[in-house]
There are 2 protein chains.
Amino acid sequence: MEHSFTRVEGGICAPLGFSAAGVHCGIRHNHTKPDLALIKADVRCAGAACYTTNKVYGAPITVDREHLADGYAQAILVNSGNANTCAPGGVELARETCRLAARALGIDEKDVLPASTGVIGQAMSIAPFVAGIPAAAEKLAHSPEGNLNAAFAIMTTDTYPKHIAVEFTLGGKTCRMGAIAKGSGMIHPNMATMLLFITTDAAARPDVLQQALSSVVPATFNQISVDGDTSTNDTVMLLASGLAGNDPVQPGTPDYDTFVAALTQVAEHLCRELAGDGEGATKLLECTVSGAPDVPTARAVSKSVIHSSLFKAAMFGEDANWGRVLCAIGYTPGDFSIEHTSVRLQSVAGEVLVCENAAHHPFSEEEAARILKEKEIRILVDLGCGDASAKAWGCDLTYDYVKINGDYRT
Amino acid sequence: MEHSFTRVEGGICAPLGFSAAGVHCGIRHNHTKPDLALIKADVRCAGAACYTTNKVYGAPITVDREHLADGYAQAILVNSGNANTCAPGGVELARETCRLAARALGIDEKDVLPASTGVIGQAMSIAPFVAGIPAAAEKLAHSPEGNLNAAFAIMTTDTYPKHIAVEFTLGGKTCRMGAIAKGSGMIHPNMATMLLFITTDAAARPDVLQQALSSVVPATFNQISVDGDTSTNDTVMLLASGLAGNDPVQPGTPDYDTFVAALTQVAEHLCRELAGDGEGATKLLECTVSGAPDVPTARAVSKSVIHSSLFKAAMFGEDANWGRVLCAIGYTPGDFSIEHTSVRLQSVAGEVLVCENAAHHPFSEEEAARILKEKEIRILVDLGCGDASAKAWGCDLTYDYVKINGDYRT
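Source: prediction; values computed, not measured. (Residues numbered from 1 in each chain as written. Chains lettered and ligands numbered in written order. Predicted model: local features only at pLDDT ≥ 70, side-chain atom pairs only at ≥ 80, totals over all residues. Heavy atoms only, no water.)

### A short note on the overall build of chain A
Then, number 1: When helices and strands are tallied, chain A shows 11 helices and 15 strands.
Then, number 2: Relative to its length of 410 residues, chain A is compact, with a C-alpha radius of gyration of 21 Å against a globular reference of 22 Å.
Then, number 3: Taking the principal axes of its C-alpha atoms as reference, chain A extends roughly 65 × 55 × 35 Å.
Then, number 4: Looking at the 410 residues of chain A, the share that counts as buried comes to 62%.
Then, number 5: The long-range share in chain A, meaning contacts at least 24 apart out of those at least 6 apart in sequence, stands at 80%.
Then, number 6: A total of about 13700 Å² of accessible surface is found on chain A, and carbon and sulfur atoms cover 51% of it.
Then, number 7: Each charge class in chain A can be summarised by its mean position, and for the 31 positive and 46 negative side chains these summaries are 5 Å apart. (Helix = DSSP H or I, 4+ residues; strand = E, 2+ residues; numbered from the N terminus. Rg over C-alpha atoms; globule rule 2.2 N^0.38 Å. Buried < 20%, exposed > 50% of the residue type's maximum accessible area, 1.4 Å probe, protein only. Contact = heavy atoms within 4.5 Å. Areas by Shrake-Rupley, 256 points an atom, 1.4 Å probe, with all protein chains shown as cover. Lys, Arg positive; Asp, Glu negative; His and termini not counted. Charge placed at Lys NZ, Arg CZ, Asp CG, Glu CD.)

Listed below in structure tokens is the structure:
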């Protein structure tokens, strides 16, 4: 089933009933970078979320699990600059930020979902929130500007704000879905320091939202790798206001498929943006594996390829060193045959077959160099031993990655 | 059981009955770097080996498995510059090099073990071997010089030749064990492009040698990571000439324990050398995990830490960003508790406790900076939930790693 939905402006503020804002409240010392985002729904929303699988996880996640236990929420409060993880009193502080937000917005504190990103292990002060939350509440706007301000405020080392919105139809009603996201280091399996906030005005019960989200995450956000480090604070949240007026989406119906397809389109778009804007990245790498015996193998192989430091460095050097692709395929766990494997490198400049039946296929180094000069490189792997396929997204490994992470705290 | 054996000179030529040589035969274009090593035993040796677990593996490994099937061998032939992997006709070429070596040495071709390291996927020519093998055979020397020439010839991006020899006693007889090794990229689990050749004049049956080697590899060579890429050509070989005249080593005896301890000392020394000379490395990282519920968990956690790109980059920047250590511990698969985890950073300049009970422990940034200025950094993790421990070795992530791997083929 192929769907392609109309893109619309406004990100998380495109669906009916959502306003957003971003302010600088002082968690970061850099005054030119906002560090607090607030997303508010006009009505209580059905909600769903997925979190990091790291055994070390941020204090806000503890609070989110409690606050979303009933399936509903009305606001999301996000700070950058401090992850509120492994820090003393973190959970109590996260609760206190919810109380402050609830007071400023006139809603229940149990309907506020907190999220944090930044340095791990440093105590966070409540002071910036005391002034910052009312300021953000004051600034809330149902507009593309509100969306952009929030998208900007959640950024850490991202180089630009990431957002998208699409329009689709459920039961004759026009619905919208919007999202903002931030990367860009510690990105690996299970959603690394990705924060993703998705809004929709489609109506769906919390359990249906969770089912849809949980079905999309493994094929999308879990297939990104920037550096192999699974963050402690990964969070994707989905709030549905229901203001589009459709009959609530039910699993097993064409409407459900449409909703999942919209969610997938939004997710894939953000995967490409997050990977392409990985720390220090100059290139987006998209690896498509086909001909795999099953989907888990296809996913694992594609992720091995875009996770290989050696291959990532070769892509930075625009070097068609396909042996490193084959090496990464070969060390992927699982029982599959590699003897029929072919590898193609592709970009807008063309396509070149570099490996056939797991061995060197003659190709023009000049042509390969022309293809690899582009910003988006697709690696097409056909394992030739089945029908399953999957994609994964990554980026090249560059001097700037080392620079950014060599002294992140100062 | 703590053993410490006397170090002696001569590497693989220290044990009785081994000669070695290294020459430039033309596989590499750079004439100042030898590219062919030959190791010969005066007598047929009991042999054992472990190979990469990559599903894509070098042609020489196919031949090694055949030639070592009977448990005996007399020579090892190693080339650098081309991995003879995913290259057409590779297995036949590897066999042909064995025939050439057998002819030059006057031994059976089935007693020659080939090994290759270098670029994957490029066809290798027999021509350099035709002239190179007799030249190497001519140069064979039972001397420290022969050892050094061989150690130098197997290097790829290593910055210096790696070798060691120790002396120990079995049943009243003085025995020696020597080894040479090369790294230094594609080093991760399961012995990445490590080539290690170990000789000993101790007597032991092939099955006992294999048992000893297989017991030491998981705790040593498999605990190194430079970049997370498991090579296609990893090989460790152990040849025992028996010329020391001891009664053959039997499992379950004090002599066996002594032999395994000597092998472990040799292996740990080379682990430190290989990791510290990882591509682009400026620092050796050694992570010791104690207080783990079991050995597999201790091994996995220590390897997670020294494998984290973020932590490796922080070490390059001499930044005590312990949150990244905790993050890496947390994403290690397995069912263990992190709440009692403590982390210390240690070097010859001192030791600092940076994390206690999985949370920030106040420390002097100045003191930490002084500790992290050193070339060898130890990360001491205590999980506080058991008695098992393990070590892993890695290196920092630097600009030079990116540079070396951005354009390796040219």
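### What about the pairing of strand β14 (residues 376–382) of chain B?
Residue and element names in this part refer to chain B.
Then, number 1: Side-chain alternation along β14 places I377, I379 and V381 on a buried face and E376, R378, L380 and D382 on a face that remains uncovered.
Then, number 2: In this sheet, β14 lies alongside strand β10 (residues 284–292) in parallel orientation, the contact comprising 7 bridges. Bridging across to β14, V289 finds its partner in V381.
Then, number 3: Pairing between strand β11 (residues 342–347) and β14: 5 bridges, direction antiparallel. When the bridges of β14 are listed, R344 appears paired with L380. (Pairing = 2+ DSSP bridges.)

### A closer look at the pattern of salt bridges
Residues and elements named next belong to chain A.
Then, number 1: Following the criterion strictly, the structure yields 32 salt bridges over all chains and no others.
Then, number 2: The shortest N-O distance in the salt bridge between E167 and R176 comes to 2.8 Å.
Then, number 3: You can call R176 partly exposed: its relative accessible area is 26%.
Then, number 4: Among the ionic contacts, a cluster of salt bridges with common partners joins E66, E92, R95, E96, R99 and E109. (Salt bridge = Lys/Arg side-chain N within 4 Å of Asp/Glu carboxyl O.)

### Things to note about the sheet that holds strand β11 (residues 342–347) of chain A
All names here are of chain A.
Then, number 1: Within the open sheet, the 6 strands sit side by side as β13-β12-β11-β14-β10-β15. Their pairing is mixed. The strands lining the two open edges of the sheet, one partner per strand, are β13 (359–360) and β15 (388–395).
Then, number 2: As paired elements, strand β12 (residues 350–356) and β13 share 2 bridges and run antiparallel to each other. Residue pairing in the sheet places E356 in a bridge with A359 of β13.
Then, number 3: Packed on one face of the sheet, helix α8 (residues 309–316) meets β10 (284–292), β14 (376–382) and β15 and runs near 125° to β10. (Axes fitted to C-alpha atoms, helices over the stretch in contact; angles between N-to-C directions.)

### Some words on unusual backbone geometry
All names here are of chain A.
Then, number 1: Positive phi values are uncommon outside glycine, yet N84 reaches one of about 45°.
Then, number 2: For N84, the position within the fold is in the loop between β4 (72–82) and α2 (90–105).
Then, number 3: Look at N84 and you get buried, because its relative accessible area is 3%.

### Notes on the relation of the copies chain A and chain B
Then, number 1: The operation relating chain A to chain B is a screw motion whose rotation component is 180°, with 0.0 Å of axial translation and a residual RMSD of 0.0 Å. The symmetry that links the two subunits is that of a two-fold axis. Using C-alpha coordinates, one finds that chain A approaches the rotation axis most closely at Y399 of chain A, a distance of 2.6 Å.
Then, number 2: When the interface residues of chain A are mapped onto chain B, 100% of them are again interface residues, pointing to one common binding face. (Least-squares fit on C-alpha atoms with pLDDT ≥ 70 in both.)

### Considering the packing of helix α1 (residues 59–67) of chain B against helix α2 (residues 90–105) of chain B
Residue and element names in this part refer to chain B.
Then, number 1: At a minimum axis distance of 8 Å, the contact between α1 and α2 shows a crossing angle of 55°. Considered as vectors, α1 and α2 are oriented oblique to each other. For α1 against α2, the interelement crossing comes out right-handed. Judged by residue contacts, A59, P60, T62, V63, E66 and H67 of α1 engage G90, V91, A94, R95 and C98 from α2.
Then, number 2: Of the residues assigned to the contact of α1 with α2, the class counts are 6 nonpolar, 3 polar and 2 charged. (Parallel < 35°, antiparallel > 145°, perpendicular 65-115°, else oblique. Left-handed = near helix turned anticlockwise from the far one by under 90°. Nonpolar A, V, L, I, M, F, W, Y, C, P; charged D, E, K, R; others polar.)

### Focus: the packing of helix α5 (residues 206–216) of chain A against helix α6 (residues 254–276) of chain A
Working note: a packed helix pair is described by the angle between its axes plus the distance between those axes.
Residue and element names in this part refer to chain A.
Then, number 1: Two numbers describe how α5 lies on α6: the axes approach to 10 Å, and their chain directions differ by 45°. One element, α5, and the other, α6, form an angle in the oblique class. Crossing angle aside, the handedness with which α5 passes α6 is right-handed. From α5, V208, L209, Q211, A212, L213, S215 and V216 reach across to α6, where they touch Y256, F259, V260, L263, T264 and A267.
Then, number 2: When grouped by side-chain class, the residues that make up the contact of α5 with α6 number 10 nonpolar, 3 polar and no charged.

### Considerations on the interface of chain A and chain B
Then, number 1: Taken together, the contact between chain A and chain B spans 52 residues of the former and 53 residues of the latter.
Then, number 2: Of the roughly 4200 Å² buried at the junction of chain A and chain B (both faces included), carbon and sulfur atoms supply 58%.
Then, number 3: Along the contact surface separating chain A from chain B lie 0 salt bridges.
Then, number 4: Put simply, chain A and chain B have 12 residue pairs in polar contact (both at pLDDT 80 or more) between them.
Then, number 5: At the level of secondary structure, the elements contributing two or more residues to the side of chain A that touches chain B comprise α8, α9 (323–330), β13 and α11 (399–406) of chain A.
Then, number 6: Residues that form the side of chain A that touches chain B fall into these classes: 23 nonpolar, 19 polar and 10 charged. (Buried area = accessible area lost by both parts, 1.4 Å probe. Polar contact = N/O pair within 3.5 Å; in protein donor to acceptor, adjacent residues only side chain to side chain.)

### Topic: the side chain of H67 of chain A
Residues and elements named next belong to chain A.
Then, number 1: Relative to the elements of secondary structure, H67 occurs in helix α1 (residues 59–67).
Then, number 2: Here E109 takes part through its backbone oxygen, which lies 3.3 Å from a polar atom of the side chain of H67.
Then, number 3: Only 2.7 Å separates the side chain of H67 from the backbone oxygen of V112, close enough to count as a polar contact.

### Some points on α9 of chain A
Then, number 1: Across the 8 residues of α9 of chain A, 8 count as buried, placing the element largely inside the fold.
Then, number 2: Of all the positions in α9 of chain A, only G323, R324, V325, L326, C327, A328, I329 and G330 of chain A are classed as buried.
Then, number 3: On its buried face, α9 of chain A sits against α7 (295–307), α8, β11, β12 and β14 of chain A together with α11 (399–406) of chain B.

### What to know about the sheet that holds strand β12 (residues 350–356) of chain B
All names here are of chain B.
Then, number 1: The sheet built from 6 strands is open, its strands ordered β13-β12-β11-β14-β10-β15 with mixed pairing. Here the strands that pair on one side only, and so sit at the sheet edges, are β13 (359–360) and β15 (388–395).
Then, number 2: Strands β10, β14 and β15 of the sheet are contacted by helix α8 (residues 309–316), whose axis makes an angle of about 125° with β10.
Then, number 3: Along the sheet face, helix α10 (residues 365–372) touches β11, β12 and β14 and points at about 120° away from the line of β12.

### A short note on the packing of aromatic side chains
Then, number 1: One pass over the full model with this rule turns up 7 aromatic pairs over all chains.
Then, number 2: Seen from their ring centres, F5 of chain A and F168 of chain A are 5.9 Å apart, and the 65° between their planes marks the pair as edge-to-face. With F5 of chain A in the segment before β1 (6–7) and F168 of chain A in strand β6 (residues 162–170), the pair connects residues that are 163 residues apart, well separated along the chain. Comparing F5 of chain A with F168 of chain A shows no difference in burial state: the two are buried.
Then, number 3: A connected cluster of aromatic rings, assembled from ring pairs, spans F316 and Y399 of chain A together with F316 and Y399 of chain B.
Then, number 4: Across from the ring centre of Y57 of chain A, 5.3 Å away, lies the NZ or CZ of R65 of chain A, which sits over that ring.
Then, number 5: The cationic tip of K162 of chain B hangs over the ring face of Y160 of chain B; the distance from NZ or CZ to the ring centre is 4.3 Å. (Phe/Tyr/Trp six-rings, centres within 6.5 Å; stacked < 30°, edge-to-face > 60°. Lys NZ or Arg CZ within 6 Å of the ring centre and 35° of its normal.)

### Focus: α7 of chain A
Helical geometry note: an α-helix holds 3.6 residues per turn, so side chains three or four residues apart project in the same direction.
Residues and elements named next belong to chain A.
Then, number 1: Here α7 spans 18 Å end to end across 13 residues, near enough to the 18 Å set by a 1.5 Å rise per residue.
Then, number 2: Those residues of α7 that fall on the buried side of the exposure criterion are T297, A298, V301, S302, K303, S304, V305 and I306.
Then, number 3: Here the buried face of α7 lies against β10, α8, α9, β14 and β15. (Expected span 1.5 Å × (residues − 1).)

Geometry only, nothing functional implied.
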